[in-house]
Amino acid sequence: WGLMLVLSVAIYGSHAPLLTQCKVDGMIPFNSTSVVVLVELTKLLFSLLFLLAWDRERHIAPFALSALLYAANNNLVVHMQLFMDPSTYQVLSNLKIVSTALLYSLFLRQRLSMRKWLALLLLVAAGVSYSCGGLQDPGSPSKMQLHITLVGLLLISVYCLISGLSAVYTEAILKTQALPLSLQNLFLYVFGVLLNLIGYFWSSTEGSFLEGFSSWVLVIVVSQALNGLIMSVVMKHSSNITRLFVISCSILVNALLSVTLFNLQLTLLFFIAVSCIGLAVHLYYGVT
């Protein structure tokens, strides 16, 4: 458990710096849908390998909806950029912590105490604090400009709702089915590959499937696939709340890599975010 969670924290935290390493002249040179398809294919391959040791039962239908929700969320992330700036997205996307916790409590009938709700709100505060300026480029203005339209506000609300719903629904089917996790992953990623391939061909422009790929993109594909498999284990044997803490703790890895690779500086908001995360972990897991 410890190794898997630490690895997942590292992967979450390294994702944004790895994407930055892929940029050419400040632009992402590859098709983002291609990366998603390859991530799903990689997870599918791993799941097939794990499945070799298990009996092959069939219970595939519920995973179609799960894959559809994830696909819708991935595409929403792209379209939202048209109606808000990246900083606003980073700040407001932290609300998916609240939506996930609410749906987790409602649909999985897991009552959360006031202390645990306070811990989760501290995770939101940590994410907002870090997004508002936890890292600073010494050569750029420190003041952050936020911009969002009414459509963007609507889309971010839908995004947070679908994000929480997809996570909680997936946890529910993983836990209620008496199937090996490898087989459940297989079903989920078959639909994931199919839906994302449809999305790729629907929105495809000129250029090959792997155009703009580099070794850094392959690192992202493998790491995100591995992280998806780890999160399946977490949701089946622990909960989405643990997943939320993993994502929040990844701030530390993200900051470390950003300082090391891009010479960014830590600000007071970073240390406020770290303090909020530490207090949240203590309240949720350390106090009885």
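For clarity, every value in this text was computed on a predicted model and none was experimentally measured.

Enquirer: Got a minute to help me understand the overall build of the protein in this structure?
Expert: Check the secondary structure of the protein and you find eleven helices and two strands. Ordering the α and β elements of the protein from the N terminus gives α-α-α-α-α-α-β-α-α-α-α-β-α. Rg of the C-alpha trace for the protein: 19 Å, near the compact-globule value of 19 Å for 288 residues, within the 12% margin. When its C-alpha atoms are laid out on the principal axes, the protein stretches across 55 × 55 × 40 Å. A separation threshold of at least 6 residues defines the contact pool for the protein, and within that pool the share at least 24 residues apart is 89%. Carbon and sulfur atoms provide 69% of the accessible area of the protein, an area that totals close to 15000 Å². Computed over 13 positive and 9 negative side-chain charges, the inter-centroid distance for the protein is 17 Å.

Enquirer: Explain helix α11 (residues 268-286) to me, please; I cannot follow it from the model alone.
Expert: Think of an α-helix as 3.6 residues a turn; residues three or four steps apart then line up on the same face. Helix length check: α11, at 19 residues, gives a terminal C-alpha distance of 26 Å against a target of 27 Å (1.5 Å per residue), a fit within 8%. Buried within α11 are the following residues: Phe270, Ala273, Cys276, Ile277, Ala280, Leu283 and Tyr284. Looking straight down α11, one finds its buried side chains confined to an arc of 155°; they lie on one side. Close packing links the buried residues of α11 with α6 (114-131), α10 (240-262) and β2 (265-266).

Enquirer: How do you make sense of the nonpolar core when you look at a structure like this?
Expert: In summary, soluble globular proteins display a tendency toward joint burial of nonpolar side chains. One finds Leu120, Leu123, Ile241 and Phe245 to be the most contacted residues of the largest nonpolar core, which totals 25 residues. Breaking this core down by element, the ones donating at least two residues are α5 (96-107), α6, α10 and α11. Residues within four places of leucine 123 in sequence aside, it is in contact with Ile97, Leu244, Phe245, Ser248, Ile277 and Ala280. One finds Ala67, Val193, Leu229 and Met235 within the second-largest nonpolar core, a separate group that totals 16 residues.

Enquirer: When you look at the pattern of salt bridges in this model, what are you seeing that I'm missing?
Expert: When the charged atoms of two side chains lie near each other, side chains of opposite charge can form a pair. Counted according to the given criterion, the structure contains two salt bridges. Here glutamate 40 and lysine 43 are joined by a salt bridge, their closest N and O atoms 3.2 Å apart. Within this pair, glutamate 40 and its partner lysine 43 are both found in helix α2 (residues 32-51), separated by three residues, close to a single helical turn. For glutamate 40, a relative accessible area of 12% corresponds to the buried category. For lysine 43, a relative accessible area of 10% gives the class buried. Notably, a salt bridge pairs lysine 175 with glutamate 171, separated by 2.7 Å at the nearest N-O pair. One end of the pair is lysine 175 and the other is glutamate 171, both in helix α7 (residues 150-176) and four residues apart, which spans about a single turn.

Enquirer: How should the packing of helix α1 (residues 2-22) against helix α9 (residues 215-237) be read in this particular structure?
Expert: Each pair of packed helices can be summarised by the angle the axes make with each other and by the distance between the axes. One way to put it is that α1 packs onto α9 with a least axis distance of 9 Å and a crossing angle of 150°. Here α9 runs roughly antiparallel to α1, going by the angle between their axes. α1 and α9 meet at a crossing whose hand is left-handed. For the pair α1 and α9, the contacting residues are Met4, Leu5, Leu7, Ser8, Ile11, Tyr12, His15, Leu18, Leu19, Gln21 and Cys22 in the first and Trp216, Val217, Val219, Ile220, Ser223, Gln224, Leu226, Asn227, Ile230, Met231, Val233 and Val234 in the second.

Definitions and limits used
- Residues numbered from 1 in each chain as written.
- Predicted model: local features only at pLDDT ≥ 70, side-chain atom pairs only at ≥ 80, totals over all residues.
- Heavy atoms only, no water.
- Helix = DSSP H or I, 4+ residues; strand = E, 2+ residues; numbered from the N terminus.
- Rg over C-alpha atoms; globule rule 2.2 N^0.38 Å.
- Contact = heavy atoms within 4.5 Å.
- Areas by Shrake-Rupley, 256 points an atom, 1.4 Å probe, with all protein chains shown as cover.
- Lys, Arg positive; Asp, Glu negative; His and termini not counted.
- Charge placed at Lys NZ, Arg CZ, Asp CG, Glu CD.
- Expected span 1.5 Å × (residues − 1).
- Buried < 20%, exposed > 50% of the residue type's maximum accessible area, 1.4 Å probe, protein only.
- Arc of directions from axis to C-beta.
- Core = buried A, V, L, I, M, F, W, Y, C linked by side-chain atoms within 4.5 Å.
- Salt bridge = Lys/Arg side-chain N within 4 Å of Asp/Glu carboxyl O.
- Axes fitted to C-alpha atoms, helices over the stretch in contact; angles between N-to-C directions.
- Parallel < 35°, antiparallel > 145°, perpendicular 65-115°, else oblique.
- Left-handed = near helix turned anticlockwise from the far one by under 90°.

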